[in-house]
Amino acid sequence: MAEAGLKELLEAGVHFGHQTRRWNPNMRRYIFGELDGIHIIDLVQTEALLENARRFVGELASGGGTVLFVGTKKQARGPVEEWADRCKMPYVNQRWLGGLLTNFNTMSARIARLHELTEWRDEGKLDLLPTKERMGMQAELAKLEFNLGGVRDMERLPDAVFVTDLKTEEIAVREAARLRIPIIGLVDTNCDPTPIDYVIPGNDDAIRSCQLVIGTIGGAIDEGASAWRVQEERRIAEEMQRRKVEEEERKKREEEEKIRVAAEEAAKKEAAEAEAAKQAEAAQAAAKAPAAAPATPVVPAAPAAGQAAQPAGPVAAGDPPPPAVAKASSGAVPPATPPAGGAGKAGGPEAKQGPEPAVDKKAEEPVVEEKAPAAKAEEPAAAETAPAEAGPAAEEKASEAKDETPAAEEKASEEAVAEEKAAASEGEGK
């Protein structure tokens, strides 16, 4: 039922009010006149106000709002339950429990108990209980369904309340007004419209009148709620699709990250293996090099400034030094040369040639003395460098050379003494 015109309102008897002696003065502005002691309601205002209320509940339902239907009168129980179920809205059509709105926390606990007992009954758990407990729980379930069966799905306070009779539902009106919940009410001539936000003046005692008004409001709620449910389903579907796409992208990124990490680990492993192989090859080459490399010759040190040049060729450790070196090392003093004048008189021309070898020996002696320390310094240097380069064999050779050096020096000193004796004997013979 989309709209209700004047004809429908007139045919349903919405214009009939209560007796004139039972009227409420606050309803004066909605009364058209009086007929046979009964007030007649102005249907023009009723039509406009009904359309206003209808538009309000339609917008509220299209935004996902909840409207609580309240009609405990016998004339309104059937239509209230029918349209509330059609719109999937909560309703109260048997008895209004005090505190249903103002004490909603306690009512929520009782609603949860109703769901629990209903679940036990559907699963067959109540049949397994002892008889006395089963009967007690069944009675409790019946009582909860009678009082709270229409609001079992109301998880929060409603956004609006639709009341069919203000006199009968006075407690509900007070609770809604206290919580400042908008109230849509079907108001008769004996009621006070002051606490009502959306007044619908009309007959609340006739069944057809209640059906018309409740059907009009319920139809608007049904249209708005259906549109909202379609939008909500579309939104949920889009949300699920978006989440699905995001999940696929996340899995794809995770796979790519795993592949990248695996590639990096493989590259690091290969680099480590190559480095280890390189180090192993270097270690093997270093181990083979000392055994295969030949002994490097000892390079003699450059002579210091003021020293004579050393004789060419290395001095072997086992070879005896030359006679001049031996004389210098033994400390023997060469014989003094005779005066140049005496020698010339005694020997004539031959005596003049005699001092020349002595002068040559004196000239050579400093050179020999300078060479001798250099040769001695070379022998320990050669002995020290040879082991580091030639290994154990060079060390043995150097030790043998050191052992032979004293013997060679003794032999050289003996030869030098023998030469001196021979020279002295030759001088005496002349």
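Remember, it's a predicted structure, so these values are computed and weren't measured experimentally.

Some words on a negative patch on the surface
Residues Glu-409, Glu-410, Glu-414 and Glu-415 make up a contiguous surface patch of negative charge. In this structure, Glu-410 sits in helix H12 (residues 392-429).

Section: the pattern of salt bridges
The tally for this structure, following the rule as stated, stands at 22 salt bridges. Across the pair Arg-174 and Glu-170 runs a salt bridge, and its minimum N-O distance is 2.6 Å. With a gap of four residues between them, Arg-174 and Glu-170 both fall in helix H6 (residues 170-178), about one helical turn apart. On the basis of relative accessible area, Arg-174 is assigned to the exposed category, the value being 57%.

Details of the sheet that holds strand S7 (residues 183-187)
Hydrogen bonds between backbone groups are what pair the strands of a sheet, and the pairing can be parallel or antiparallel. Reading across from one edge, S5-S4-S6-S7-S8 is the order of the five strands in this open sheet, with parallel pairing throughout. Looking along the sheet, the strands with just one partner apiece sit at the ends: strand S5 (91-92) and strand S8 (198-201). As paired strands, S7 and S8 are joined by four bridges and run parallel to one another. Paired with Gly-185 across the strands is Val-199, a residue of S8.

As for the packing of helix H4 (residues 104-123) against helix H5 (residues 131-148)
One can describe the packing of H4 onto H5 by two numbers: an axis separation of 10 Å at closest approach and a directional angle of 125°. Here H4 lies oblique to H5, going by the angle between them. In the packing of H4 onto H5, the handedness of the crossing is left-handed. On H5, the residues touching Met-107, Arg-110, Ile-111, Arg-113, Leu-114, Leu-117, Thr-118, Trp-120 and Arg-121 of H4 are Met-137, Glu-140, Leu-141, Leu-144, Glu-145 and Leu-148. Looking at side-chain class alone, the contact of H4 with H5 contains nine nonpolar, one polar and five charged residues.

Some words on H4
The end-to-end C-alpha distance of H4, which contains 20 residues, comes to 28 Å, matching closely the 28 Å that a straight helix rising 1.5 Å per residue would cover. Those residues of H4 that sit buried are Phe-104, Met-107, Ile-111, Arg-113, Leu-114, Leu-117 and Thr-118. Buried residues of H4, viewed axially, fall in a sector of 165°; they line one side. Buried residues in H4 make contact with H5. In the stretch just after H4, Gly-124 is the one whose phi turns positive, near 85°.

Observations concerning unusual backbone geometry
Although it is not a glycine, Asp-36 sits at a positive phi angle of roughly 55°. For Asp-36, the position within the fold is in the loop between strand S2 (31-35) and strand S3 (38-41). Phi angles above zero are rare outside glycine, and Lys-88 is one such case at about 60°. Along the chain, Lys-88 falls in the loop between helix H3 (74-87) and S5. Lys-88 sits in the exposed class, given a relative accessible area of 62%.

Rules used throughout
- Residues numbered from 1 in each chain as written.
- Predicted model: local features only at pLDDT ≥ 70, side-chain atom pairs only at ≥ 80, totals over all residues.
- Heavy atoms only, no water.
- Patch = residues over 30% accessible without salt bridge, like charges linked within 9 Å, V, L, I, M, F, W, Y side chains within 5 Å.
- Areas by Shrake-Rupley, 256 points an atom, 1.4 Å probe, with all protein chains shown as cover.
- Salt bridge = Lys/Arg side-chain N within 4 Å of Asp/Glu carboxyl O.
- Lys, Arg positive; Asp, Glu negative; His and termini not counted.
- Charge placed at Lys NZ, Arg CZ, Asp CG, Glu CD.
- Helix = DSSP H or I, 4+ residues; strand = E, 2+ residues; numbered from the N terminus.
- Buried < 20%, exposed > 50% of the residue type's maximum accessible area, 1.4 Å probe, protein only.
- Pairing = 2+ DSSP bridges.
- Axes fitted to C-alpha atoms, helices over the stretch in contact; angles between N-to-C directions.
- Parallel < 35°, antiparallel > 145°, perpendicular 65-115°, else oblique.
- Left-handed = near helix turned anticlockwise from the far one by under 90°.
- Contact = heavy atoms within 4.5 Å.
- Nonpolar A, V, L, I, M, F, W, Y, C, P; charged D, E, K, R; others polar.
- Expected span 1.5 Å × (residues − 1).
- Arc of directions from axis to C-beta.

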